[in-house]
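Architecture and fold: a report
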Amino acid sequence: MKTYIQNIHVEQAIKGIERLVAIPSYLQEPAENAPFGMPVRQCLTECLALFKEEGFEVYEDPEGYYGYAEIGQGEKTMGILCHLDVVPPGDLSLWKTNPFETVVTETALVGRGVQDDKGPSMAALYAVKALRDAGVTFQHKIRFIFGTDEENLWRCMSRYHEKEEQVDFGFVPDSKFPVIYAEKGLLQVYFEGPNVNGYEVSGGSALNVVPDEARFRKSDYQALVSYFEKQGWPYQVDEAEDVFIAKGRAIHSKSAPDGVNAISRLMVALDSIQPDFLSQLLGNKIGEDANGLSLFGHVSDEMSGDLTFNVATLSADNKKTTIGLDIRMPVTTDKELILTQLEKVAQEFGFTCHEHDYLASLYVPKESELVQTLLQTYRDMTGDLREPQVNGGATYARAMKNCVAFGAMFKDTKDTMHQPNETWQRDELEMTMKIYAEAIYRLQQLDVS
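Now for a quick tour of the structure. (Residues numbered from 1 in each chain as written. Predicted model: local features only at pLDDT ≥ 70, side-chain atom pairs only at ≥ 80, totals over all residues. Heavy atoms only, no water.)

Between its terminal C-alpha atoms helix α10 (residues 369-382) stretches 20 Å, which fits the 20 Å expected from 14 residues at 1.5 Å a residue. Lining the buried residues of α10 we find β7 (169-172), β9 (180-183), β22 (403-405) and α11 (426-443). After α10 finishes, the residue G383 shows a positive phi value of roughly 80°. (Helix = DSSP H or I, 4+ residues; strand = E, 2+ residues; numbered from the N terminus. Expected span 1.5 Å × (residues − 1). Contact = heavy atoms within 4.5 Å.)

Below, the structure is given as structure tokens:
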């Protein structure tokens, strides 16, 4: 196999990552032609400018929902679907560096978005550039599609589908190797209900992140201090504000059992100390269960494993209580059964249940030419013979026909997506670029019907 990636391409990818990470493109207040906030729109504009510099034809939706960049000819279009929005940085005190300034060392890159998804997007761009520099002719048009609301409601993709054409096949550089041929269903709901008396509690910043902090405001919190110390759980106290802060460990909701949910721990403690309807639901009924066993029983299938459950956000005061839940359902699970049980539990504790977002599961047969081409490329490049996988994450592969997620995380990659000090190893960046270049070359040879 020919090696397309040279050192210059890796350095160019790093420069591109630096340009995009510098823009804090997480969901903020909408502005004119910036539906998800001005920084998100600025990141879209900057990304398209970068692609134009590299010889692509670009288009930016005038309303700021999406953009795309094209190169090559052909009647068929190969899509590479990327997203430019990121999750908020969270507690800045947990970052060792500025989250929106890429720190580049000899071995790694650190910054919000280097793994999810600005880094892999740049790896894909400069893989294409490396092919072009090597004189490769593209049989199929390549279209990079850039979304701006992936971490929330995918409103960017809805707008894209209203205005633009589907691609014929493609991949998403926003998951794991060797290749993801199926993705779990995603269901996000809100419980809304009565107020709590005598205290305020809040936690979580996004539905797709396990909350690493939950704040309890009341003049008397010593019982919480005692409980947390007895359990050996981390916490902080802000005496000036009369706030007790439960600490957890953030991780993507798809991997909720591997995180530590600060909201859940706070509610478990409150249920032991001063139980009320809120703590009985979140602390007693659910507790630290990240698989929803107490709500749904054991929900699993052979193809995609267990259901995961994340109490992602909480806001409660003397006005109302709102709980945000993120559920990743096995591929064969009936969404209506899950939703019906959630509505039943909500009613039991005095809440109403509102569906916020739903993304159906993804399935592309393992035997398909697309999956087998990507799988064989990965195996040839790495010697890793693992089978195609199922993932709990929701990628843009669901947004297009005949698309799957392909990289950029390896078997031993430390997953720091949605966490402080998000990091991507430099050798993994380089290897990803080599795999993408070879994969794109092979995909270009397919006779897509």
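Once you've had a look at it, read on.
This part takes up the side chain of T413. With respect to the helices, strands and loops of the structure, T413 is situated in the loop between β23 (408-409) and β24 (423-425). Side-chain polar atoms of T413 contact the side chain of E428, separated by 3.0 Å. If sequence neighbours within four positions are ignored, T413 has contacts with Q115 and E428. (Polar contact = N/O pair within 3.5 Å; in protein donor to acceptor, adjacent residues only side chain to side chain.)

What follows covers unusual backbone geometry. A cis amide bond, omega 0°, links D116 with the succeeding residue D117. Looking at the element boundaries, D117 is found in the loop between β5 (108-110) and α3 (118-133). Along the chain, G407 connects to A408 via a cis peptide bond; the corresponding omega equals 20°. On the secondary structure map, A408 appears in strand β23. Residue W154 is not a glycine yet carries a positive backbone phi of 60°. As for its position among the elements, W154 is in the loop between β6 (141-147) and α4 (155-163). Accessibility expressed as a relative area gives 7% for W154, which makes it buried. A positive phi angle, near 60°, is found at N421, a position not held by glycine. Summarising the element assignment, N421 is placed in the loop between β23 and β24. (Buried < 20%, exposed > 50% of the residue type's maximum accessible area, 1.4 Å probe, protein only.)

Pairing within the open sheet is antiparallel, and its 8 strands lie in the order β13-β14-β12-β11-β17-β18-β10-β19. Two strands lie at the open edges of the sheet, namely β13 (235-238) and β19 (352-359), each paired on one side alone. For this sheet, the mean angle separating the axes of adjacent strands, direction not counted, is 20°. As paired strands, strand β17 (residues 308-316) and strand β18 (residues 321-329) are joined by 8 bridges and run antiparallel to one another. From the neighbouring strand, V311 faces β18, where its bridge partner is L325. Contacts from helix α7 (residues 277-286) reach β10 (185-193), β11 (200-203), β17 and β18 within the one sheet, and its direction differs from that of β17 by about 160°. (Pairing = 2+ DSSP bridges. Axes fitted to C-alpha atoms, helices over the stretch in contact; angles between N-to-C directions.)

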